[in-house]
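Summary of structural features
Listed below, chain by chain, are the residues.
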Amino acid sequence: MIKVLLAEDQVMVRQGLKAMIETDEDITVTGEADDGRKALRLCEAQVFDVAILDIRMPEMDGIEAAKMMRLRYPKMKILMLTTFDDHQYVVESLKLGVNGYMLKNGDTESLIRSIKSTINGGLSLEDQVAAKVVPTLLQNQEEPSIDPSLTPRERAILTCIGEGLNNKEIAERLGLSVGTVKNQTSQIFDKLALRDRTQLAIYAIRHRLV
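Here the structure is a predicted model, which is why all the values come from computation and not from measurement. (Residues numbered from 1 in each chain as written. Predicted model: local features only at pLDDT ≥ 70, side-chain atom pairs only at ≥ 80, totals over all residues. Heavy atoms only, no water.)

**Observations concerning the overall build of the protein chain**
Scanning the protein chain for helices and strands turns up 10 helices and six strands. Among the 210 residues that make up the protein chain, the fraction classed as buried is 49%. The long-range fraction of contacts in the protein chain, counting pairs at least 24 apart against all pairs at least 6 apart in sequence, stands at 67%. Split by element, the accessible area of the protein chain, about 10300 Å² in all, is 48% carbon and sulfur. (Helix = DSSP H or I, 4+ residues; strand = E, 2+ residues; numbered from the N terminus. Buried < 20%, exposed > 50% of the residue type's maximum accessible area, 1.4 Å probe, protein only. Contact = heavy atoms within 4.5 Å. Areas by Shrake-Rupley, 256 points an atom, 1.4 Å probe, with all protein chains shown as cover.)

This is the structure:
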């Protein structure tokens, strides 16, 4: 069972999201908060697999809460939620190492898919969000050279990560075992001195692998 922390200051929106999420029998909302500080306190009391944080909340916003959660609970996945598809919010969130960015007007299927993809190691970005993120990440940059120590297979895996695929999806696309993908990804982390898959995805985008 995937345990979700849902932080959203509008009660009706939070209740609606909870109802949508729990239509899937594999996911349950075990914690609710209406601001970032309360969300952090809940993390101190119980373990969550995924935190879904509204960008704009009173007391402490989603970005500040995500920053602290990344430091204190590095294994917990974080998805950002907002009605505002402002690409600056997206870029700021991704640089913190969050695992995805969703719009509140998304449907039940996309919400559940984002949660499960994140759990499996994917980077979740809705199409209209990704369309704004990529130009911003590439803005005013010459095409940088790719680390020459990366093998062709590692580059292929890095491209898949940049597209938001999880390990199982990468394995299926490249004809590899999931174990091989995990091992190769660990080697990529070491070679590029990066800490998480979000940073790998940003690297792939900036180096025109996607």
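**Looking at the sheet that holds strand β6 (residues 124-125)**
Across the sheet, which stays open at both edges, the six strands sit in the order β2-β1-β3-β4-β5-β6 with parallel pairing between neighbours. The open sheet has two edge strands, β2 (27-33) and β6, and neither has a second partner. In the sheet, strand β3 (residues 50-54) pairs with strand β4 (residues 77-82) via five bridges, with the strands oriented parallel. The partner of D54 across the bridge, within β4, is L81. Lying over the sheet, helix α1 (residues 11-21) contacts β1 (2-7), β2, β3 and β4, oriented at roughly 165° with respect to β2. (Pairing = 2+ DSSP bridges. Axes fitted to C-alpha atoms, helices over the stretch in contact; angles between N-to-C directions.)

**Observations concerning the packing of helix α7 (residues 152-162) against helix α8 (residues 167-174)**
Look at α7 against α8: their axes get within 10 Å of each other, and the N-to-C directions meet at 130°. As the angle between them shows, α7 and α8 are arranged oblique. Two packed elements cross with a definite hand, and for α7 against α8 that hand is right-handed. Note on element contacts: α8 touches α7 through I170, R173 and L174, opposite A156, I157, C160 and I161. Residues that form the contact of α7 with α8 fall into these classes: six nonpolar, no polar and one charged. (Parallel < 35°, antiparallel > 145°, perpendicular 65-115°, else oblique. Left-handed = near helix turned anticlockwise from the far one by under 90°. Nonpolar A, V, L, I, M, F, W, Y, C, P; charged D, E, K, R; others polar.)

**Remarks on the nonpolar core**
Counting 45 residues, the largest nonpolar core has L53, M69, M80 and L158 as its most contacted members. Top contributing element to this core by residue count: helix α10 (residues 197-206), with five residues. Not counting the four nearest positions on each side in its chain, M80 is found in contact with L53, I55, G62, I63, A66, S93, V98, G100, Y101 and M102. Residues L6, L17, I52 and L81 belong to the second largest nonpolar core, which totals 15 residues. (Core = buried A, V, L, I, M, F, W, Y, C linked by side-chain atoms within 4.5 Å.)

**Remarks on the pattern of salt bridges**
In the structure shown here, the tally under the stated rule is 10 salt bridges. With a closest N to O distance of 3.8 Å, E44 and R72 form a salt bridge. Of the two residues, E44 is situated in helix α2 (residues 36-45) and R72 in helix α3 (residues 62-72); the sequence distance between them amounts to 28 residues. A relative accessible area of 56% places E44 in the exposed class. (Salt bridge = Lys/Arg side-chain N within 4 Å of Asp/Glu carboxyl O.)

**Describing the UniProt feature "modified residue: 4-aspartylphosphate" (unreviewed entry) in the protein chain**
In the numbering adopted here, UniProt assigns the feature "modified residue: 4-aspartylphosphate" (unreviewed entry) to D54. Setting aside chain neighbours within four positions, we find D54 in contact with A7, E8, D9, D61, G62, L81, T82 and K104. (UniProt positions renumbered as here; feature names shortened; annotations may be inferred.)

**What about α8?**
Each full turn of the α-helix corresponds to 3.6 residues, which orients residues three or four apart in the same direction. Every buried residue belonging to α8 is among N167, I170 and A171, and all of these are buried. With its buried residues spanning 100° around the axis, α8 presents them on a single face. Away from its buried face by more than 90 degrees, α8 exposes K168 and E172. A side-chain oxygen of the first residue of α8 lies 3.1 Å from the backbone nitrogen of K168; this N-cap is N166. Where α8 terminates, the next one or two residues include G175, which has phi positive at roughly 70°. (Arc of directions from axis to C-beta. Polar contact = N/O pair within 3.5 Å; in protein donor to acceptor, adjacent residues only side chain to side chain.)

**Topic: the environment of L79**
The residue L79 is located in strand β4 in this model. Contacts of L79, omitting those with residues within four sequence positions, involve V50, A51, I52, L53, N99, G100, Y101, M102, S114, I115, T118 and S124.

**Some words on the environment of I63**
Topologically, I63 is positioned in helix α3. Classification of I63 by relative accessible area gives buried; the value is 7%. I63 sits 30 residues away from S93 along the chain, and the two C-alpha atoms are 6.3 Å apart. Discounting chain neighbours no more than four positions away, the residues touching I63 are I55, M80, Y89, E92, S93 and L96.

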